[in-house]
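Coordinate analysis (summary)
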Amino acid sequence: MGRLCRELCEKTMALFPAVLLLLWASTIPETHGNKPNFVLFMADDLGIGEVGCYGNNTLRTPNIDRLAREGVRLTHHIAAASLCTPSRAAFLTGRYPIRSGMTGHEGGYLVLMWSAVSGGLPTNETTFAKILQEQGYTTGIIGKWHLGVNCRSKNDFCYHPLNHGFDYFYGLTYTLINDCEESMPSEIHVPFRAKLQFYAQLFAMTLLTAMVSKRMGLLPVSWKVLVIFACFVVLYFTYWFAAYAFLRYWNCFLMRDFEITEQPMDLETTAGKMVNEAKSFISRNKEGPFLLFVSFLHIHSPHSTTEKFRGKSKHERYGDNIEEMDWMIGEILGAIDQEGLVNNTLTYFTSDHGAHLEGMNSKSQGFNGIYRGGKGIGGLEGAIRVPGIFRWPGVFPANTIIDEPTSLMDIYTTVIKLGGGKLPEDRIIDGKDLVPLMQGLDSVSPHDFMFHYCTDQLHTVRWYQKSNHTVWKVHYMSPKFTPEGAGACYGTKFCSCSGNGVILHDPPLLYNLSGDPSEKNPLPHDVGPYQEVVQEIEQAVAMHKISLHPVPQQLYKFNNMWDPRLQPCCGTFPLCWCQKE
Ligand SMILES: *[C@@H]1O[C@H](CO)[C@@H](O)[C@H](O)[C@H]1NC(C)=O
Ligand SMILES: *[C@@H]1O[C@H](CO)[C@@H](O)[C@H](O)[C@H]1NC(C)=O
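Residues numbered from 1 in each chain as written. Chains lettered and ligands numbered in written order. Predicted model: local features only at pLDDT ≥ 70, side-chain atom pairs only at ≥ 80, totals over all residues. Heavy atoms only, no water.

Focus on the site of ligand 1
Every residue lining ligand 1 is accounted for by Gly 49, Glu 50, Asn 56, Asn 57, Thr 58, Leu 59, His 315, Tyr 318, Gln 365 and Phe 367. Here Asn 56 contributes a side-chain N or O atom positioned 2.3 Å from an oxygen atom of ligand 1. For ligand 1, an oxygen atom lies 3.5 Å from a polar atom in the side chain of His 315. Within the complex, the protein chains bury 77% of what would otherwise be the 360 Å² of accessible surface of ligand 1. Residue classes in the shell around ligand 1 are distributed as three nonpolar, six polar and one charged. (Near = heavy atom within 4 Å. Polar contact = N/O pair within 3.5 Å; in protein donor to acceptor, adjacent residues only side chain to side chain. Areas by Shrake-Rupley, 256 points an atom, 1.4 Å probe, with all protein chains shown as cover. Nonpolar A, V, L, I, M, F, W, Y, C, P; charged D, E, K, R; others polar.)

Following this line, the structure appears as structure tokens:
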């Protein structure tokens, strides 16, 4: 009798996990063998304080607000970096950008600076799109890429979205910049260009003097040496002047798959084209499963907005641009409704990092709510805390707010799990599966520590101490900036991440983020939890550092200089011009 009972018990116990799994699986609707579609929206440079459902009542974002009403809104959603290229690399790979060499490095640049550079998202990194592709998904990206194009020739497309797991691409391989709109002041290397102009003039005068002196027999070098020297210098100046002379042509072009359709692009029509592309992708693939990544060019400068939205918001060009982006989201949500896909589509909305405090182009500056700092300002909360909304009617609850710490890198693990794929096993993946948290099966975040870098410098670390439900944050260094905004980084466009541009904190500053989300009051070093918490974090940092390996630096030096041999060009270089549509 006893034995029988034991056997029975054992059998039941063995069945238990299976039953649980079955129960869990049954809460996810049966579509394409449990495979939902994914529509992922990512805004560019949108601050957490600029969305209606996050408390902004002067901007109108009814469509983003609708997503929040129909889904889960995250209040503690953290980007992996405070600038485009590294944050996007991390989003697509589920790994801190330092693992893929996409961070930047002291003395180098912070993002990819041209469409024609030899750096980019390494081909041996595996995006979630690639894994979903293997699971039968049709994958598309519409909009901004900013993760490189070519490695060695002008059409090897080694870093192109189509070589990183996407079946379809329509958009900009680079990013919007002021230079994409003819009437706007340039924003690329402005101080350097002024210097270049100065040195070119100086050189011309020196050369002239040298020639005259030589002629008069006063210069003891041969003509040959003089000519060779002059040629090198002329070549140097030609290179830089060519790079800057056609910035708009070199960088602001639209591609469909591998083909350039518009060079330079027409900003007046781009928003409409992106919407049509997204709608048509959804309707072409409605039999599913599909993944569509809508990577907005909004709300990056130059904040070009279509006539219909110009002058309509309360925040000038800047606000008009946000309201136009919201309209685009509405149109695409409409397509999901229309095709009857709403219940088997997981829709997500986020921004790649905080808003740009320098604002640029208008008096309205980026606004990150109660959080200190903004785009490019290291590991401060305003630099990396962004909106995050998940909607999946019937699976995730509606109108729900979750305050647990989550990361943009979690999208990686989450969509791979839901799409039936397996995470790569030969590398560290930093993103976590958010499904249990979103479904309410788990009430606590899967994260303990998060590491916040500015280039390859560790600026701050977050620790979620679950035993007392407190989120701590340690600051090891912070960029020097004026919190008031305009000229936040002392007149330069981006704050430095190291050297003279930062303040080192030794001993580090500790904040209780749960009680002090604006990072205003560092805790005293000698009383309270300081020692214990900082020690715990130090240990985690040591472990984290052990997990890092040196990799080629993609944003550094020659990898990030304009290389005419790599220039995507519609026509015969340097005559790159076309309007095919
Ligand atoms: C809404 O966002 C705009 C644009 O960043 C900002 O200037 C404004 O202060 C925000 N308004 C509120 C009420 O948060
Ligand atoms: C990719 O290749 C580089 C060397 O080129 C290597 O350092 C890195 O570890 C590789 N990454 C992965 C994920 O295998």
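Read on, since the account is not over.
Things to note about the pairing of strand β3 (residues 138-144)
In terms of burial, β3 is largely enclosed, as six of its seven residues are buried. Bridge count for β3 against strand β7 (residues 290-295) is six bridges, and the pairing is parallel. Looking at β7, one finds that Ile 142 is bridged to Val 294. (Buried < 20%, exposed > 50% of the residue type's maximum accessible area, 1.4 Å probe, protein only. Helix = DSSP H or I, 4+ residues; strand = E, 2+ residues; numbered from the N terminus. Pairing = 2+ DSSP bridges.)

Concerning the site of ligand 2
Around ligand 2 lies a shell formed by Arg 95, Asn 124, Glu 125, Arg 427, Val 551 and Pro 552. Within the side chain of Asn 124, one N or O atom sits 2.3 Å away from an oxygen atom of ligand 2. Coverage of ligand 2 by the protein amounts to 53% of the 360 Å² it exposes when considered alone. Tallied by class, the residues present in the shell around ligand 2 amount to two nonpolar, one polar and three charged.

Digging into the pattern of salt bridges
By the definition in use, this model includes 27 salt bridges. In this structure, Arg 310 and Glu 268 form a salt bridge, with 3.1 Å as the shortest nitrogen-oxygen distance. Linking Arg 310 in the loop between β7 and α9 (316-338) with Glu 268 in helix α8 (residues 267-284), this pair joins segments that are 42 residues apart in sequence. Several salt bridges share partner residues, and in doing so they unite Glu 381, Arg 385, Arg 462, Lys 473 and Glu 519 into one network. (Salt bridge = Lys/Arg side-chain N within 4 Å of Asp/Glu carboxyl O.)

Side note on the environment of Gly 340
Inspection of the secondary structure assignment puts Gly 340 in the loop between α9 and β8 (345-351). Looking at Gly 340, the relative accessible area reads 55%, which means it is exposed. Each C-alpha atom, one on Gly 340 and one on Lys 224, is 75 Å from the other, the two residues being 116 residues apart in sequence.

Details of the packing of aromatic side chains
Tallied over the entire structure, the rule returns 31 aromatic pairs. Aromatic side chains Tyr 239 and Trp 240 sit 4.9 Å apart centroid to centroid with 80 degrees between the ring planes, which places their arrangement in the edge-to-face category. Following the ring pairs from residue to residue traces out a cluster consisting of Trp 114, Phe 192, Tyr 239, Trp 240, Tyr 244, Phe 246, Tyr 249, Trp 250, Trp 562 and Phe 573. Over the ring of Tyr 54 we find Arg 73, and its NZ or CZ is 4.7 Å from the ring centre. (Phe/Tyr/Trp six-rings, centres within 6.5 Å; stacked < 30°, edge-to-face > 60°. Lys NZ or Arg CZ within 6 Å of the ring centre and 35° of its normal.)

Observations regarding the UniProt feature "transmembrane region" (unreviewed entry) in the chain
When the UniProt feature table is mapped onto this chain numbering, "transmembrane region" (unreviewed entry) sits at residues 225-247. In this annotation, residues 225-247 is assigned 96% helix and 0% strand; the end-to-end C-alpha distance for the span is 34 Å. (UniProt positions renumbered as here; feature names shortened; annotations may be inferred.)

Side note on the state of the cysteines
A complete count under the given rule lists five disulfides for this structure. Across the disulfide, Cys 180 is cross-linked to Cys 252 (sulfur-sulfur distance 2.1 Å). Disulfide Cys 180 to Cys 252: torsion about the S-S bond roughly -80 degrees, handedness left-handed. Taken as a pair, Cys 180 in the loop between β4 (168-172) and α5 (190-215) and Cys 252 in the loop between α7 (247-251) and β5 (254-256) lie far apart in primary sequence, 72 residues in all. In terms of burial, Cys 180 and Cys 252 fall into one category: buried. Shown here is the disulfide that connects Cys 454 with Cys 497, its sulfur atoms set 2.1 Å apart. Handedness of the Cys 454-Cys 497 disulfide follows from its S-S torsion of about -55 degrees: it is left-handed. One end of the pair, Cys 454, is in strand β12 (residues 449-454); the other, Cys 497, is in the loop between β14 (470-479) and β15 (502-512), with 43 residues separating them in the sequence. For Cys 497, a relative accessible area of 5% puts it in the buried group. For the unlinked cysteine Cys 84, the closest cysteine sulfur is that of Cys 180, found at 13 Å. Classification of Cys 84 as buried rests on a relative accessible area of 3%. (Disulfide = S-S within 2.5 Å.)

Here's the deal with helix α3 (residues 84-93)
The element α3 is extensively covered by neighbouring structure, given that 10 of its 10 residues are classed as buried. The complete set of buried residues in α3 reads Cys 84, Thr 85, Pro 86, Ser 87, Arg 88, Ala 89, Ala 90, Phe 91, Leu 92 and Thr 93. Looking at the packing, one finds that the buried side of α3 touches β1 (37-43), α4 (128-134), β3, β7, β8 and α11 (410-418). Once α3 finishes, Gly 94 follows within two positions and takes phi at roughly 70 degrees, a positive value. (Contact = heavy atoms within 4.5 Å.)

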